[in-house]
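The primary structure of each chain is shown beneath.
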Amino acid sequence: MNNILFVCLGNICRSPLAEGFFRHHCQQRKLEKQFNIDSAGTGNWHVGKPPDSRAIRVAAEYQVDISRQKAKQVTASDFHSFDWIIAMDRNNLAELQAQAENCSTNTRIALLSAQINTVDFVDVPDPWYGDYSDFREVAQLLDTACANLLDTLIDHD
Ligand code: 4NP
């Protein structure tokens, strides 16, 4: 039950940060062998590109290196190879649910904020059009959320 895909729109800001933070928390708790962690976007504009430079920089403030990630788009096979697909916002969730209707899948598709208990947000805000302080806020939110998500998924097993 440990293949997990984080999904946002462009796969260059939020989901790469979620992937990096979730992996970091797994490593800190020596659980990295139990999880296969990846990220993707519902859109295809940035496929093959590294994360936004501001996302790389803010992750580094947490000693998390996301610079070698490469953006990809969600594919039909993701609905078979992942146990969990975690959406950053309700638009991503709706898009994923629409795609999942076309294939019979046991993958659990969920909104990040719905899977954790200490939440004061519904959607992870998209920082792409914002400035660096928006990336800092999103990084803080995702660092906490990913630690909580790890607790939830461990309890689930
Ligand atoms: P992300 O942010 O979904 O957090 O990666 C975005 C990045 C790029 C675009 C939209 C959102 N875009 O429209 O290119």
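Residues numbered from 1 in each chain as written. Predicted model: local features only at pLDDT ≥ 70, side-chain atom pairs only at ≥ 80, totals over all residues. Heavy atoms only, no water.

A. Structural context of the site of the ligand. All residues adjacent to the ligand are Cys8, Leu9, Gly10, Asn11, Ile12, Cys13, Arg14, Trp45, His46, Asp126 and Trp128. Contacts to the ligand include Cys13, whose backbone N or O atom sits 3.0 Å from an oxygen atom. One nitrogen or oxygen atom from the side chain of Arg14 is found 2.8 Å from an oxygen atom belonging to the ligand. Burial of the ligand by the protein chains amounts to 94% of its free accessible area of 360 Å². Taken together, the residues of the shell around the ligand sort by class into 6 nonpolar, 3 polar and 2 charged. (Near = heavy atom within 4 Å. Polar contact = N/O pair within 3.5 Å; in protein donor to acceptor, adjacent residues only side chain to side chain. Areas by Shrake-Rupley, 256 points an atom, 1.4 Å probe, with all protein chains shown as cover. Nonpolar A, V, L, I, M, F, W, Y, C, P; charged D, E, K, R; others polar.)

B. Expanded view of the nonpolar core. One finds Ile4, Phe22 and Leu142 to be the most contacted residues of the largest nonpolar core, which totals 38 residues. Of all the elements in the fold, those that place two or more residues in this core are β1 (3–8), α1 (14–28), α2 (53–60), β3 (84–87) and α5 (132–156). When residues in this core are grouped by element, the largest group, 11 residues, is from α5. For Phe22, the contacting residues outside a window of four places in its chain are Ile4, Phe6, Phe35, Ile37, Cys146, Leu149, Leu150 and Leu153. (Core = buried A, V, L, I, M, F, W, Y, C linked by side-chain atoms within 4.5 Å. Buried < 20%, exposed > 50% of the residue type's maximum accessible area, 1.4 Å probe, protein only. Helix = DSSP H or I, 4+ residues; strand = E, 2+ residues; numbered from the N terminus. Contact = heavy atoms within 4.5 Å.)

Purely spatial values, then, with no claim about function.
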